[in-house]
Amino acid sequence: MAGGEYTAPVGSGNVDFEARITAYVIITCIMAASGGLMFGYDIGISGGVTGMDDFLEKFFPAVARKEQEAKKSTYCKYDNQGLQLFTSSLYLAGLVATFFASYTTRRFGRRPTMLIAGLFFLAGVTFNAAAQDLLMLIIGRLLLGCGVGFANQAVPLFLSEIAPTRIRGGLNILFQLNITIGILCANIVNYFTAKIKPWGWRLSLGLAGIPAILLAVGSVCLVETPNSRIERGHLEEGKNVLRKIRGTDNVDAEFSELVQAGKTAAEVKHPFRNLMKRRNRPQLVITIFLQIFQQLTGINAIMFYAPVLFQTLGFKSDASLYSAVITGAVNVISTIVSIYSVDKLGRRVLLLEAGIQMFISQVIIGILLATGLNDGQQLSQATAIVIVLMVCVFVSAFAWSWGPLGWLIPSETFPLETRSAGQSVTVCVNLLFTFGVAQAFLSMLCNFKYGIFFFFAGWVFIMSLFVLFLLPETKNVPIEEMIDRVWKKHWFWKSFVTDADLFDDDNEDVNSKQENGRASGNGYHNSQL
């Protein structure tokens, strides 16, 4: 794939955009995607340390006492709002931070936003590893959450904008791949640090500094995307970057389209207000529901608390962490499958197939728990093995579908004028529902018991219907041509992007400029975005 041996012509109408898949763009995307390592490591590490006795005794003694009560309900021994707040506070902070990240992404670029994320991560790691009380622990989590908000805002945009259209899906999924690698590394770290008494949990939290440093240093070495440079008025620099990442001097057609999109974006002074216009309704609705559905698959409930969950189901401490390592490895391998298949099979095929697989696996888990696990008892070895197998089946389906595509599809469908605002909505809704699931899961497990898996299976069924009827295919479509080639051709969404809708919105933009004394009378047609 390296060295410009492959040319991927893309475009619309009679225009093709020449784009060679070079070693430079691959390496650049790999470095940028390292932002996912920190996010993934935190998902895995938080569940691991909450299963360590030393950690619980220092910060959550009530949970430690509850865990030691032999007659306590199997499903309820970890039900504690403070413990859930430790995990979920990160996502609440990320939710708020993403709105600030939207401004920095649009005003200063994708690369500086990733650098800010790295610095927040480093500060949060320092507080967590050195925590002496619950307040320090929560402050550290809040700082990490700010890092998540900035990183999840900038990295998917960076990857979608810098990648050639032909392999945009695969390169964007590098972000999700790094998340899964981070989760796997965290599970392995937890397996060993759990044996280090009494400070193993500090080592687990402190090692998060490694991916934080990688992101901070990597962001300094990256080149800014041509879309961002052009949007901020640096046309010549943008064209030079475009030549570099496309591996060819023949970039005039793509550059012209980016300039047109950049001019339209520059006219939009209130991107969030513009996001609410009728022509942006399809992207906005799909983005919101993709994020809601991604969390309601139940994946974060499983990945956050995999070690705790397996202990709850009757596994011993070492066995539970070992099982979590297995699911983490399945997560990584399945995400690699998605990288190679998303631009061949398409987004819809992966989502629909995974819906069937996730639904069946969760129903089986629920049935096994309903028939094989009573309060105060442990699962039989055979039943436990089948449950771990079904968890792996579920994780594999999620990892090649809802995991990566929940980030990919929103980052590639918004026009440049609303892309930063749209990504903010993506991150905000994702973290809001991640926060809700993280805060509620252990309480839901206590009250729903095995029924929690039927609860998530029901949502998987609903989201599969949403994909079947309302989600269009976006593979191999240039990122600035989604309106003409995707939304205008969809049976339902085409009614929101008629020529009349686009013309009315353009007139509104021009009138707005005239009121401020900045218009020349010439608008830019949004179908060119």
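Basis of the calculations
Residues numbered from 1 in each chain as written. Predicted model: local features only at pLDDT ≥ 70, side-chain atom pairs only at ≥ 80, totals over all residues. Heavy atoms only, no water. Helix = DSSP H or I, 4+ residues; strand = E, 2+ residues; numbered from the N terminus. Contact = heavy atoms within 4.5 Å. Areas by Shrake-Rupley, 256 points an atom, 1.4 Å probe, with all protein chains shown as cover. Axes fitted to C-alpha atoms, helices over the stretch in contact; angles between N-to-C directions. Parallel < 35°, antiparallel > 145°, perpendicular 65-115°, else oblique. Left-handed = near helix turned anticlockwise from the far one by under 90°. Nonpolar A, V, L, I, M, F, W, Y, C, P; charged D, E, K, R; others polar. Patch = residues over 30% accessible without salt bridge, like charges linked within 9 Å, V, L, I, M, F, W, Y side chains within 5 Å. Salt bridge = Lys/Arg side-chain N within 4 Å of Asp/Glu carboxyl O. Core = buried A, V, L, I, M, F, W, Y, C linked by side-chain atoms within 4.5 Å. Buried < 20%, exposed > 50% of the residue type's maximum accessible area, 1.4 Å probe, protein only. Polar contact = N/O pair within 3.5 Å; in protein donor to acceptor, adjacent residues only side chain to side chain. pLDDT = per-residue confidence, 0-100. Expected span 1.5 Å × (residues − 1).

**As for the overall build of the protein chain**
Of the regular secondary structure elements, the protein chain holds 25 helices and 0 strands. Restricting to contacts in the protein chain with at least 6 residues of sequence separation, those with at least 24 account for 78%. Accessible surface, the protein chain: about 19300 Å² in total, of which carbon and sulfur atoms supply 64%.

**Examining the packing of helix H15 (residues 281-296) against helix H21 (residues 402-413)**
At their nearest, the axes of H15 and H21 sit 10 Å apart, and the two run at 165 degrees to each other. The orientation of H15 relative to H21 falls into the category roughly antiparallel. Note on packing geometry: the crossing formed by H15 with H21 is left-handed. Facing H15, whose interface residues are Gln-283, Thr-287, Leu-290, Gln-291, Phe-293 and Gln-294, H21 presents Trp-402, Gly-403, Gly-406, Trp-407, Ile-409, Pro-410 and Thr-413. Partitioning the contact of H15 with H21 into residue classes produces 6 nonpolar, 7 polar and no charged.

**With respect to a nonpolar patch on the surface**
A cluster of nonpolar side chains, namely Ile-356, Phe-359, Ile-360, Ile-364, Val-386, Phe-461, Ile-462, Leu-465, Leu-468, Phe-469, Trp-491 and Phe-492, defines an oily patch on the protein surface of about 1100 Å² accessible area. Those elements giving two or more residues to the nonpolar patch turn out to be helix H19 (347-372) and helix H23 (451-470). Sorting elements by how many residues they give to the nonpolar patch places H23 first, with 5 residues. Secondary-structure assignment places Trp-491 in the loop between helix H24 (482-485) and helix H25 (499-515).

**Describing the nonpolar core**
By size, the foremost hydrophobic cluster in this structure holds 130 residues, and its most contacted members are Phe-55, Phe-121 and Trp-402. Beyond its immediate sequence surroundings of up to four residues, Phe-121 is in contact with Met-38, Leu-144, Gly-147, Val-148, Ala-151, Ala-212 and Leu-215.

**A short note on the packing of helix H7 (residues 134-162) against helix H22 (residues 419-448)**
For the pair H7 and H22, interaxial distance at closest approach is 9 Å and the crossing angle is 130 degrees. The angle between H7 and H22 places the two elements in the oblique class. Crossing of H7 over H22 shows right-handed handedness. Where H7 abuts H22, its residues Val-148, Gly-149, Asn-152, Gln-153, Pro-156, Leu-157 and Glu-161 lie against Arg-419, Ser-420, Gln-423, Ser-424, Val-427 and Leu-431.

**Description of the pattern of salt bridges**
With the rule as written, the count across this model stands at 15 salt bridges. One salt bridge in this structure joins Lys-488 and Asp-484, with 3.3 Å as the shortest N-O distance. The class of Lys-488 is partly exposed, set by a relative accessible area of 26%. Take Asp-484: its relative accessible area is 30%, and that puts it in the partly exposed class. Within this structure, Arg-106, Arg-110, Glu-161, Glu-231 and Arg-419 form a network of salt bridges that share partners.

**Notes on the side chain of Thr-98**
Relative to the helices and strands, Thr-98 resides in helix H5 (residues 81-107). Polar side-chain contacts of Thr-98 include one of 3.4 Å to the side chain of Gln-153.

**What about the confidence of the model for the protein chain?**
Low pLDDT marks regions whose predicted coordinates should not be analysed in detail. Of the residues in the protein chain, 83% have a pLDDT of 70 or more, and the chain-wide mean is 81. Predicted confidence is poor over residues 1-15, with pLDDT under 50, and the contacts of this stretch with residues over four places away or in other chains come to 39 contacts. Long-range and interchain partners of residues 509-529, a stretch whose pLDDT sits below 50, account for 40 contacts in this model, where long-range means more than four residues apart.

**Notes on the environment of Ser-341**
Checked against the element boundaries, Ser-341 lands in helix H18 (residues 317-345). For Ser-341, a relative accessible area of 10% gives the class buried. Measuring from C-alpha to C-alpha, the distance between Ser-341 and Trp-400 comes to 8.7 Å, with 59 residues separating the pair along the chain. Beyond its immediate stretch of four places on either side in the chain, Ser-341 contacts Gly-346 and Leu-350. Separated by 2.8 Å, the side chain of Ser-341 and the backbone oxygen of Val-337 make a polar contact.

**Quick look at helix H10 (residues 209-221)**
Taking 1.5 Å per residue as the helical rise, H10 with its 13 residues ought to reach 18 Å, and the 18 Å between its terminal C-alpha atoms agrees with that figure. Of all the residues in H10, the buried ones are Gly-209, Pro-211, Ala-212, Leu-215, Ala-216, Gly-218 and Ser-219. Those residues of H10 that are buried are in contact with helix H1 (23-32), helix H2 (35-49), helix H6 (110-129), H7 and helix H9 (200-206).

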